[in-house]
Amino acid sequence: MKITASSILFIIPAVLAAIELRAQDTTTTTTNNLPAPMNWTAEQDHQNMMDQLGIKTIRPGADGNNPSAPNYRNTDESKANPYPNLPDPLTMNDGQKVATPEQWWKLRRPEIVEMFDREVYGRVPANVPAVTWKVTSVEHTNNGAITVITKHLNGHVDNSSYPLISVDIDLTLTTPANATGPVPVIIDYGFNFAAFGRGRGGFGGFGGTNRGGGFAFGGGTNRNGGFGGGTNRLRGFGGGGFGGFNAWQQQVLSNGWGYAILVPGSYQADNGAGLTKGIIGLCNKGQPRKPDDWGALRAWAWGASRAMDYFETDPAVDTNHVGIEGVSRYGKATIVTLAYDQRFYMGLVGSSGEAGAKLSRRNYGELVENITGSGEYHWMAGNFLKYGGPLNPGDLPVDAHELIALCAPRLTFISDGATGGKPGAEGPWIDQHGSYMATLAAGPVFRLLGQQDLGVTNNYLTAPMPPLNLAITNGVLAWRQHDGGHTDAPNWPTFLEWADRYIESGYVPKTM
């Protein structure tokens, strides 16, 4: 199906109608004496979490649209670092310094993971049901000039403990038909437009300083999305037009790799109303989360790990060289996936912003307070709301540099678009400088584990931003800010060349 601007605008009302959830009586029980799933709106669920935490109000986030607003987003670097001191990834909670890789793996890394679990992304419950994978169809076709084999897969989650919620993971795997053996594969967090008709994969709300925004078209240096706001643009829409959907896929195939499309909305909706449904709702038997329960980002990452489980059974996939990739909210999910699952060899993190690779302690563009509002809070653990209410971002026990550090010593490529310049630039909302600072501050962990970081020795607070389009790819930690919009498309050639260098050299990350 050809995707055009007019066809996208046509399906938007249907999409919104499919994902709208209205509050209903939640006291009903089934004939099996199981409680019915809560059918709250996002606002009701958000209020429930605030009540659990004893929070009365959430501070307003930055407004990315109205320059006259008193809380219009800051882009003044002199005001951007109100909490300049970052937690040291190589200092234990008791003050002991980490001096060896063994201390990192056995002592410090588990401490950091625990803090992210409890305060930021939430805990994956111990009772997550098993996933059974089935190949539903196989296509022999072409992508451009390349003959490919595409497997359509369904990952069915065992719901015998709570049959009122059914969860299935949508995944496709495409590999070159002429491959003589297993090939590297990159998983893309993507969209399945056919899923709209099934009411899957919610999108955020519209407008407001604490909302995530819905679809965002266009680009522009002063936009917080198009008519939605927030970091929620579909690839190729923000500053990239409506074309080029297959360009990155053909580059991957030409490189001798395969690619997979994982649809996160198929197993966990992208809205707060979906938290009592999907995989999170199934584990909670349709009831509200506790404050340290997982949010959508961690759930989406769980789905990527289940895709990796399948790949380990498929002889077409070189499971030693599987990567993960995504843009915007799926860029956030990408860095979370890479941080938590050490089976992933590489990651391309695209324009991830707040709750991704950007330092949360920064006052620039999107803020913690935007994420803690009712439009985006569902990405996070409930406990994260505290940092937009009674606490502030400076109280966070961890920050994005430590999330990047959890990826060490695997291949980690941080990608952003331009703050300004030519038409269609990404704009400052995602705080490219904050992501660069976090990448620099993660460097000591990569070096401790024997790998080169960005090779920049300046302090993260004073190091100047690299020029646009300069690739820093001499180490397993890489950075490139291209001169385009809210997409990682311009960075694919650099990413593939960089990753190939390590794959061909036989590099094997030493992990535990």
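Residues numbered from 1 in each chain as written. Predicted model: local features only at pLDDT ≥ 70, side-chain atom pairs only at ≥ 80, totals over all residues. Heavy atoms only, no water.

Colleague: So what about the pattern of salt bridges? Which residues, and what values?
Modeller: Enumeration over the complete set of coordinates arrives at 22 salt bridges. A salt bridge links Glu119 to Arg118; the shortest N-O distance between them is 2.8 Å. Each of Glu114, Arg118, Glu119, Arg123, Asp292 and Lys386 takes part in a single network of salt bridges with overlapping partners. (Salt bridge = Lys/Arg side-chain N within 4 Å of Asp/Glu carboxyl O.)

Colleague: Give me the lowdown on helix α11 (residues 492-505), citing residues and values where you can.
Modeller: When the terminal C-alpha atoms of α11 are compared, their 20 Å separation across 14 residues agrees well with the 20 Å that a helix rising 1.5 Å per residue should span. Within the sequence span of α11, burial applies to Trp492, Thr494, Phe495, Leu496, Trp498, Ala499, Asp500, Tyr502 and Ile503. Contacts made by the buried residues of α11 are with β4 (183-189), α4 (247-254), β6 (317-327), β7 (346-350), β8 (411-416) and β9 (477-481). One or two residues past the end of α11 sits Gly506, with phi positive at roughly 80°. (Helix = DSSP H or I, 4+ residues; strand = E, 2+ residues; numbered from the N terminus. Expected span 1.5 Å × (residues − 1). Buried < 20%, exposed > 50% of the residue type's maximum accessible area, 1.4 Å probe, protein only. Contact = heavy atoms within 4.5 Å.)

Colleague: Give a detailed account of the environment of Arg447, specifying residues and quantitative values.
Modeller: The topology assignment puts Arg447 in helix α10 (residues 432-448). For Arg447, a relative accessible area of 47% gives the class partly exposed. The spacing of Arg447 and Pro101 is 346 residues in sequence and 9.8 Å in space, taken between C-alpha atoms.

Colleague: Tell me what's going on with α4, and back it up with residues and numbers.
Modeller: Taken residue by residue, α4 has Trp248, Gln249, Val252 and Leu253 as its buried positions. One side of α4 holds all its buried residues, which, seen down the axis, span an arc of 135°. On its buried face, α4 is in contact with β1 (131-143), β2 (146-157), β3 (168-176), β4, β5 (258-263) and α11. Directly after α4, the chain includes Gly256, whose backbone phi takes a positive value near 85°. (Arc of directions from axis to C-beta.)

Colleague: If you had to explain the packing of aromatic side chains to someone new, which residues and values would you point to?
Modeller: For any two aromatic rings, the description comes down to two numbers: the centre-to-centre distance and the angle of the planes. Tallied over the full model, the rule gives 19 aromatic pairs. Consider the rings of Phe495 and Trp498, whose centres lie 5.8 Å apart with planes at 50°: the pair is tilted. Taken together, the residues span about one helical turn, with Phe495 and Trp498 both in helix α11 at a distance of 3 residues. The pair formed by Phe495 and Trp498 is uniform in burial state, with each residue classed as buried. (Phe/Tyr/Trp six-rings, centres within 6.5 Å; stacked < 30°, edge-to-face > 60°.)

Colleague: Lay out the side chain of Asp318 in plain terms, naming residues and giving numbers.
Modeller: Structurally, Asp318 can be placed in strand β6. It is Arg343 that comes nearest to the buried, bridge-free Asp318 among opposite-charge side chains, at 13 Å. Separated by 2.6 Å, the side chains of Asp318 and His321 make a polar contact. Look past the residues within four positions of Asp318 in its chain and what remains in contact with it is Pro182, Val183 and Pro184. (Lys, Arg positive; Asp, Glu negative; His and termini not counted. Polar contact = N/O pair within 3.5 Å; in protein donor to acceptor, adjacent residues only side chain to side chain.)

Colleague: Any details on the sheet that holds β1? Residues and values, ideally.
Modeller: Spatially, the 9 strands line up as an open sheet ordered β1-β2-β3-β5-β4-β6-β7-β8-β9, and their pairing is mixed. The outermost strands of the open sheet, each flanked by one partner alone, are β1 and β9. Going from strand to strand, the sheet's axes swing by 15° on average, the running direction of each strand aside. Relative to β8, β7 runs parallel, the two sharing 5 bridges. (Pairing = 2+ DSSP bridges. Axes fitted to C-alpha atoms, helices over the stretch in contact; angles between N-to-C directions.)

Colleague: Tell me about the confidence of the model for the chain, and name the residues and values.
Modeller: Here the chain averages 87 in pLDDT, while 83% of its residues score no lower than 70. Taken as a whole, residues 1-29 scores under 50 in pLDDT and shows 48 contacts with residues more than four places along the chain or in a different chain. A low-confidence stretch, residues 193-245 stays under pLDDT 50, and its non-local contacts, those more than four residues away or across chains, total 176 contacts. (pLDDT = per-residue confidence, 0-100.)

Colleague: Can you lay out the nonpolar core for me, pointing to particular residues and giving the numbers?
Modeller: Ranked by size, the top nonpolar core spans 126 residues in total, and within it Trp104, Tyr189, Ile279, Phe311 and Phe495 carry the most contacts. When residues of this core are assigned to their parent elements, the largest contribution, 11 residues, is made by helix α6 (residues 296-311). Among residues more than four places away in sequence, those in contact with Phe311 are Leu171, Leu173, Val185, Ile187, Ala260, Val317, Thr319 and Val322. (Core = buried A, V, L, I, M, F, W, Y, C linked by side-chain atoms within 4.5 Å.)

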